[in-house]
Structure formats: C-alpha cells, structure tokens
Amino acid sequence: MNEMSEKSYAKVNIFLKISDKRDSYHELVSRFVRVHSLYDTISFVKSSRKAFSIIGNFSCNIESNTVYKAYNLLKDFVGVEEFFKNYSVEIKKNIPEFAGLGGGSSNAATFLLMTNKYCNLNLTKDGLCKIAVKIGADVPFFVYEYDSANVTGIGEIVERFDEEILNIDTITPNIKCNTGEIFKLFRENFYKQISRNEADKLLKMKSVEILNNLNIKEANDLYEPAISVYPDLKEYTKKDWFFSGSGSSFFKVNNVK
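An account of the accompanying structure is given in this report. (Residues numbered from 1 in each chain as written. Predicted model: local features only at pLDDT ≥ 70, side-chain atom pairs only at ≥ 80, totals over all residues. Heavy atoms only, no water.)

Focus on the overall build of the chain
Applied cut-off: Think of it this way: any DSSP run of H or I at least four residues long counts as a helix, any run of E at least two long counts as a strand, and we number them from the N terminus. C-alpha atoms define the radius of gyration in this analysis, and the globule rule sets the expected value at 2.2 Å times the number of residues to the power 0.38. The classification of residues rests on relative accessible area computed with a 1.4 Å probe and restricted to protein chains. Under 20% of the type maximum is buried, over 50% is exposed, and intermediate values are partly exposed.
What the chain contains, in helices and strands, is ten helices and nine strands. A compact globule built from 257 residues should have a C-alpha radius of gyration of about 18 Å, and the chain, at 18 Å, falls within 12% of that. Projected onto the principal axes, the alpha-carbon positions of the chain cover approximately 55 × 40 × 35 Å. For the chain, the proportion of its 257 residues judged to be buried stands at 52%.

Thoughts on the nonpolar core
Selection rule: Within this scheme, the nonpolar core is defined by two criteria: the residues are buried Ala, Val, Leu, Ile, Met, Phe, Trp, Tyr or Cys, and they are joined through side-chain atoms within 4.5 Å. Contacts: residue pairs with any heavy atoms within 4.5 Å of one another.
Membership of the largest hydrophobic core comes to 40 residues, with the highest contact counts inside it found for Phe-44, Phe-84, Val-89, Phe-111, Leu-112 and Val-143. Among the secondary structure elements, those contributing two or more residues to this core are β2 (25-46), α1 (66-74), α2 (80-83), β4 (87-92), α3 (103-118), α4 (125-132), α5 (139-144) and β5 (148-153). For this core, the leading source of residues is α3, giving seven residues. Look past the residues within four positions of Leu-112 in its chain and what remains in contact with it is Ala-70, Leu-74, Leu-128, Ile-131, Ala-132, Ile-135, Val-139 and Val-143. Grouped together as the second largest cluster of nonpolar side chains are 26 residues, Leu-166, Leu-202, Leu-214 and Phe-242 included.

What about the packing of aromatic side chains?
Quick reminder of the rule: Here a Phe, Tyr or Trp ring, Trp counted by its six-membered ring, pairs with any other such ring whose centre lies within 6.5 Å, and the pair is stacked when the planes are under 30 degrees apart, edge-to-face when over 60, and tilted otherwise. The rule for a charge over a ring is simple: NZ of Lys or CZ of Arg within 6 Å of the ring centre, and within 35 degrees of the ring normal.
Scanning all chains against the criterion turns up 21 aromatic pairs. With a centroid separation of 6.0 Å and an interplanar angle of 35°, the aromatic rings of Phe-242 and Phe-251 are classed as tilted. For the residue pair Phe-242 and Phe-251, the accessibility class agrees, reading buried in each case. In textbook terms, an aromatic cluster arises when at least three aromatic residues are bridged by ring pairs, as seen for Phe-44, Phe-52, Tyr-68, Tyr-71, Phe-83, Phe-84, Tyr-87, Phe-111 and Tyr-118. Across the ring face of Phe-32, the terminal group of Lys-11 is positioned such that the distance to the ring centre comes to 5.1 Å.

Some details on unusual backbone geometry
The omega torsion across Gly-247 and Ser-248 is 20°, close enough to zero to call that bond cis. Here Ser-248 shows up in the loop between β8 (242-243) and β9 (250-253). Phi is positive for Phe-98, which is not a glycine, with a value near 55°. Inspection of the secondary structure assignment puts Phe-98 in the loop between β4 and α3. At Asp-240, a position not held by glycine, the phi torsion is positive, near 70°. Mapped onto the elements, Asp-240 comes out in the loop between α10 (223-229) and β8.

What to know about the pairing of strand β6 (residues 157-160)
Rules: We treat two strands as partners when DSSP finds at least two bridges between them.
Relative to β6, β5 is paired through four bridges, and the arrangement is antiparallel. Of the residues in β6, the one forming a bridge with Asn-150 is Glu-159. Hairpin geometry of β5 and β6 is characterised by an intervening segment of three residues between the two adjacent antiparallel strands and by a positive phi of about 115° at Gly-155.

Let's talk about the environment of Arg-34
Put simply, the rule reads: We call two N or O atoms a polar contact when they sit within 3.5 Å, provided that within protein one can donate a hydrogen and the other can accept it, with sequence-adjacent residues counted only if both atoms are side-chain atoms.
By the secondary structure assignment, Arg-34 is in strand β2. Along the primary structure Arg-34 and Ile-157 are separated by 123 residues, whereas in three dimensions their C-alpha atoms are 17 Å apart. Excluding its chain neighbours within four sequence positions, the residues that come into contact with Arg-34 are Tyr-9, Ala-10, Lys-11, Phe-141, Glu-145, Tyr-146, Asp-147 and Ile-168. In terms of polar contacts, Arg-34 uses its side chain to reach the backbone carbonyl oxygen of Glu-145, at 3.2 Å.

Shown next as structure tokens:
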C-alpha cells in the first residue's frame, strides 16, 4: 500500500468538574463527546527517508509532538521501526491547537490505532490505553473511539455513554490558552471539588439534559480561571454556547431540545 489514512476527530467537554487532587494532577469528572464535523487526517505515506518523520504544519518541535511521543513508546515493538523506515506520517490539520478540542491527543491516539493495525501488533484497546496515558490525559478517550464517554481519574478511566450522536458547532477564538497556567490559577483562586453525589448525577444524565440544566460557568470549572487569564474570551460567551476543556474553544449542540 502506498498510503493509509484515518480521520482524527476533535472532542468537546459537555461538562468538566474537578473531583480531587493527585500530586501535581487534578482528578476530573467529565463527559467527552466526539465532534464528527471537525477532524485532522493522519496518513502513512510511502517514503524513502529511512527514518521516522512527520510531515505537517505544527507550532511545536518534533520532540514535543504527541505523535512522536507515541512512536517512541511503540518503536521497540517488533516491526514498528522497520515499518517507519518506509512510511512517513503526514498530518493534515484542521483542529485548532491550544483550543480545548484535543487535537494533539486525538492525533496520538489515531497514530497508536493505525500502527497497531498496520504493524500487526495485536494490542487490545485496554493495552493501547496503558501506552496512551503516558502521552497525555485525553489520549485514552480517543483510543476507545467512543462517540460519548464519561471520563474520570486523570483521564485514564473511560466508560462508554450511550446517547444519540450530537450535532456540534465549534468556534475557536485566536487565543492560545495555556492549560498549565489555567489549572494553576484554578488551584490558587477558584478551587472547588464536586461531591460524589453530584458527580454520579451528572454522569448518568444525557448530554442534552446537562446543557439544559447548567450554564457555561456551572458546566466547566475551568471557565472562570480561563477568562481571568484571557479576558478577551468573554467576547465569545453567548447564550447556549459552552466552554470546552481549558479553552479557547466554545461549542453549541444543535439538537438540544
């Protein structure tokens, strides 16, 4: 085969609540939903470079690229290094970076899935997720390929949630949000923990019910610290729009009744 391609979808957080601290990490309770209308494309293309290479426009150096990190975790598996002497990884970006839509995490997960398939590694989804969590907290969600899932812990606990596929619009201001800075401010000035009862309640509700019952501030614990760091985000706060992750993207679900 000269080329193999897969879609690498974006996600939004229907809600995102902090449940606890774990060392320098925050444990979360969240609903992740795949955005079918927004995706990057990952391709393995024939190459004569004889070394692992990534083709695409990125704001980071290759060592910081999530796909490069994923490769480093797989390269010792039989056949992987040899395969990528003959194929380059091409990433066509549509998902904005630093936007709360999980683009880098999705790319890493799609790379893991494709390498597992085309290098015949025969790893289960659970096995891939043990690798995925070493790359980033959002990567396991994308490995499981669920349209909707409850995500807890530091992102490593992913449970499928059965509901209708949501029609989601996103808008991303030209503001690159620094996740670490936003979490730091949250911990210093906005820290709160959702109770077990309230978390259980949200995890059982359909996404459309949650959005009908919560406003933007109630749905995402990171919204207030984000607009404190980046006050220009307030201009994009509109009725029926919600905030994804640590931003800067806002989203709207069109099939909310």
